[in-house]
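Structural features, examined
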Amino acid sequence: MTTMDPQVHALTGAYVCDALEPGEREEFEQHLAQCPACAQEVAELRETAAVLGAAAVENPPQRLHDAVFTRIETVRQLPPDVIRHQTAASEQSGSGANGGNDGNDGNDNVVPIERGRERRRRFTRAAVAGWAAAAVLAGVVGGLVVHTAAQDRQISQSDARTAQLSALLSAPDVRTDVGKVTGGGYVTVIDSRQLDRAAITLTGLADPPAGKAYQLWMIAPGTIRSGGVVPAGAENSTTPILADGLGKTVSVAVTVEPAHGSVQPTSAPILLMPMPG
Amino acid sequence: MSERGGLRSVPPNGPGSSAADTGMEPQPSVADLGWSLRRVAVGDKQAFDVVYREMAGPVYGLARRVLRDPAQAEEVAQEVLVEIWRTASRFDAAKGSARAWMLTIAHRRAVDRVRSEQAAHAREAKAAATSAQVPFDEVAECVEDRLDAQRVRHCMGALTELQRESITLAYYGGYTYPEVAALLSAPLGTVKTRLRDGLTRLRDCLGVGR
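Conventions and cut-offs
- Residues numbered from 1 in each chain as written.
- Chains lettered and ligands numbered in written order.
- Predicted model: local features only at pLDDT ≥ 70, side-chain atom pairs only at ≥ 80, totals over all residues.
- Helix = DSSP H or I, 4+ residues; strand = E, 2+ residues; numbered from the N terminus.
- Buried ≥ 20, exposed ≤ 12 C-beta atoms within 10 Å, placed from the backbone.
- Contact = placed C-beta atoms within 7 Å.
- Pairing = 2+ DSSP bridges.
- Axes fitted to C-alpha atoms, helices over the stretch in contact; angles between N-to-C directions.
- Expected span 1.5 Å × (residues − 1).
- Parallel < 35°, antiparallel > 145°, perpendicular 65-115°, else oblique.
- Nonpolar A, V, L, I, M, F, W, Y, C, P; charged D, E, K, R; others polar.
- Core = buried A, V, L, I, M, F, W, Y, C linked by C-beta atoms within 7 Å.
- Left-handed = near helix turned anticlockwise from the far one by under 90°.
- pLDDT = per-residue confidence, 0-100.

The secondary structure content of chain A amounts to 9 helices and 8 strands. Within chain A, buried positions represent 39% of all 277 residues. In chain A, once contacts between residues fewer than 6 apart in sequence are set aside, the share between residues at least 24 apart is 59%.

If you want it as structure tokens, here you go:
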């Protein structure tokens, strides 16, 4: 079983390239199941081949997106391979490979939420943008009123914020989208790639648990960085949080973290949505 | 809120607070995609949109590279992306990155399509030999701004000619290794070995570890 036929072992490269003859492929896979060294090598060469694959990137037509998202409406998702997951979890303790139960619990919440979002998406972009812009401006004005009674420095900070937000809202490439948060509430993201800036507003979220806070995450290919801890009270207001330096950010996420925030997310996201622009 | 009580701890691959505690640089891994897949597995379409944005280009591009025909590539890309949605719960971060998992599905689908096409109309050896002339540089042509493409170009350039041609024909061309051997007039065993040691060299050059 552990004796490695060097001839068979040498097929790892061809296997990873999907270059084996049909019968050979199945044979090699049987061998793979019994040869941990081969499996390890295949895993590494697969990561290598993936870099080759990723290098072939090409923009697909928009209709591919439409076709895929139409198709998945009618495709039932496979349940997790529970036995394998449990084995994996016991092998590498604390890796959180317990997708099984969460899958079932999550489904009840997620499905209607997503339907809600689909409906919202049918509104025209302009309508959403208009509503969101109004919400953000209301937040700015509200903030200003509060801060007027406070110190001068705060006023000038608010002025700067107002100017930044106005610039964002009038940017030629401003885009808006709304995502629904697991457990209730919405997140509105307004962004402009030209200005490299986004305004993010949380509305209707419940108070975070004691000692916890909501934290925003900006996700770019290969990296997650903090978009800031949401200040107490801001999880249910229209005061926008400004994020500069979007760079290659492709999506935004929200997690529940310790009140002082985390360097990297330590819990599953309660919101994960693509950047609008 | 009950949902929050049910939140899980550190995701697989996900650098947790322990990294911060030890002052270690949190690893900018492909954690985000693995993370997204876990959300996809519970039917989260926003998360799937994130996956789509990241992977539709590589999936479609790879299918196009192998199949050449844009219409067929689009069909295969659609199948692959729907397959990712369907089987997201089977992604196992302990076994490799999310990107490798998805591109493995994509490559196999594209190659399977080539093979079934071949069964329908056996390709002429002559036509095949002409395609064999495709220089590896073409790989990176349309995506020069992408870091991956640059790295691949650089590392492919560091291979021996036989390694490079074997990998290009097998991986991007969708040829079986006996076909590659015939195209390059090289012994079967040699091509088999070149595919393996060529990929191993690429692995080291690209710094792909696990």
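With that settled, consider the overall build of chain B. Helices and strands together make up the secondary structure of chain B, namely 12 helices and 0 strands. Starting at the N terminus, the α and β elements of chain B follow one another as α-α-α-α-α-α-α-α-α-α-α-α. Counting across all 210 residues of chain B, residues that qualify as buried make up 52%. In chain B, of all internal contacts separated by at least 6 residues, the share reaching a separation of at least 24 is 54%.

Here Tyr175 of chain B shows up in the loop between helix 10 (161-172) and helix 11 (177-184). Given 29 C-beta atoms within a 10 Å radius, Tyr175 of chain B is considered buried. As for Tyr175 of chain B and Arg115 of chain B, which are separated by 60 residues in sequence, their C-alpha atoms are 8.7 Å apart. In this structure Tyr175 of chain B touches Ala19 of chain A together with Leu169, Ala170, Val180 and Leu183 of chain B, once residues within four positions along its chain are discounted.

Residue and element names in this part refer to chain A. Read across the sheet, 4 strands follow the order 5-4-7-8 without closing on themselves; strand pairing throughout is antiparallel. Two strands in the sheet have a free side with no partner beyond their single neighbour: strand 5 (223-229) and strand 8 (271-274). Pairs of neighbouring strands in the sheet enclose a mean axial angle of 30°, with direction left out of account. The pairing of strand 4 (residues 212-220) with strand 5 spans 6 bridges and is classified as antiparallel.

In this section: helix 12 (residues 188-206) of chain B. When the terminal C-alpha atoms of helix 12 of chain B are compared, their 27 Å separation across 19 residues agrees well with the 27 Å that a helix rising 1.5 Å per residue should span. Among the residues of helix 12 of chain B, Val191, Lys192, Arg194, Leu195, Arg196, Gly198, Leu199, Leu202 and Arg203 of chain B are the ones counted as buried. Residues of helix 12 of chain B that are buried in the fold lie against helix 2 (12-16) and helix 4 (36-55) of chain A together with helix 9 (147-157), helix 10 and helix 11 of chain B. Trailing helix 12 of chain B by a residue or two, Gly207 of chain B shows a phi angle of about 70°, which is positive.

Take the sheet that holds strand 6 (residues 241-244) of chain A next. All names here are of chain A. Taken in spatial order, the 4 strands of this open sheet run 1-2-3-6, and their pairing is antiparallel. Single-partner strands in this sheet number two, and they are strand 1 (175-180) and strand 6. Direction aside, the axes of adjacent strands within the sheet are offset by 20° on average. Sheet topology places strand 3 (residues 197-203) next to strand 6; 4 bridges connect them, and they run antiparallel. When the sheet's bridge partners are listed, Ile200 is paired in strand 6 with Ile241.

What follows covers the packing of helix 4 of chain A against helix 12 of chain B. Helices that pack against each other are described as a pair by the angle of their axes relative to one another and the distance between those axes. Two elements in contact, helix 4 of chain A and helix 12 of chain B, have axes whose closest approach is 9 Å; the angle formed by their N-to-C orientations is 70°. As judged from the angle between their axes, helix 4 of chain A and helix 12 of chain B are roughly perpendicular. The segment helix 4 of chain A lies against helix 12 of chain B, with Glu44, Leu45, Thr48, Ala49 and Val51 of chain A engaging Leu199, Leu202, Arg203 and Leu206 of chain B. The residue inventory of the contact of helix 4 of chain A with helix 12 of chain B, partitioned by class, reads 6 nonpolar, 1 polar and 2 charged.

If you look at the biggest cluster of nonpolar residues, it comprises 112 residues, and the most contacted ones within it are Val252 of chain A together with Val51, Val59, Ala63, Ala77 and Ala170 of chain B. No other element matches helix 4 (residues 45-67) of chain B, which puts 13 residues into this core. Every residue in contact with Val51 of chain B, bar those within four places of it in the chain, is listed here: Leu33, Ser36, Leu37, Val40 and Ile84 of chain B.

The subject of this paragraph is the packing of helix 11 of chain B against helix 12 of chain B. Residues and elements named next belong to chain B. Look at helix 11 against helix 12: their axes get within 9 Å of each other, and the N-to-C directions meet at 110°. In terms of axis orientation, helix 11 runs roughly perpendicular to helix 12. As for how helix 11 packs across helix 12, the hand of that crossing is right-handed. On helix 12, the residues touching Tyr177, Pro178, Val180, Ala181 and Leu184 of helix 11 are Leu188, Val191, Lys192 and Leu195. Residues of the contact of helix 11 with helix 12, tallied by class, amount to 8 nonpolar, no polar and 1 charged.

Another point: unusual backbone geometry. Unusually for a residue other than glycine, Asp196 of chain A sits at a positive phi of about 60°. Within the secondary structure layout, Asp196 of chain A lies in the loop between strand 2 (186-192) and strand 3. In this model, Ser185 of chain B sits at a positive phi of 50°, which is unusual for a non-glycine residue. Checked against the element boundaries, Ser185 of chain B lands in the loop between helix 11 and helix 12. Note on Ser185 of chain B: 7 C-beta atoms within 10 Å, which makes it exposed.

Our next topic: the confidence of the model for chain B. Residues and elements named next belong to chain B. Averaged over all residues, the pLDDT of chain B equals 78, while 70% of them reach at least 70. Every residue in residues 1-31 is under pLDDT 50, and counting partners more than four places away or in other chains gives 68 contacts. Low pLDDT, under 50, characterises residues 123-145; the predicted model gives this stretch 25 contacts beyond four residues in sequence or across chains. As scored by the predictor, the complex reaches a pTM of 0.57 and an ipTM of 0.77.

Here the focus is helix 5 (residues 70-87) of chain B. Given a rise of 1.5 Å per residue, 18 residues ought to cover 26 Å, and the 25 Å separating the end C-alpha atoms of helix 5 of chain B matches this to within 8%. Within helix 5 of chain B, the full set of buried residues consists of Ala73, Val76, Ala77, Gln78, Glu79, Val80, Leu81, Ile84 and Trp85 of chain B.

This paragraph deals with the pairing of strand 7 (residues 251-258) of chain A. Residues and elements named next belong to chain A. By the criterion of burial, strand 7 is predominantly enclosed, with 7 of the 8 residues buried. Direction of pairing for strand 4 relative to strand 7: antiparallel, over a ladder of 8 bridges. Following the sheet pairing, Ala213 is matched in strand 7 by Glu257. Note: strand 7 against strand 8, 4 bridges, orientation antiparallel. Paired with Ser251 across the bridge in strand 8 is Pro274.

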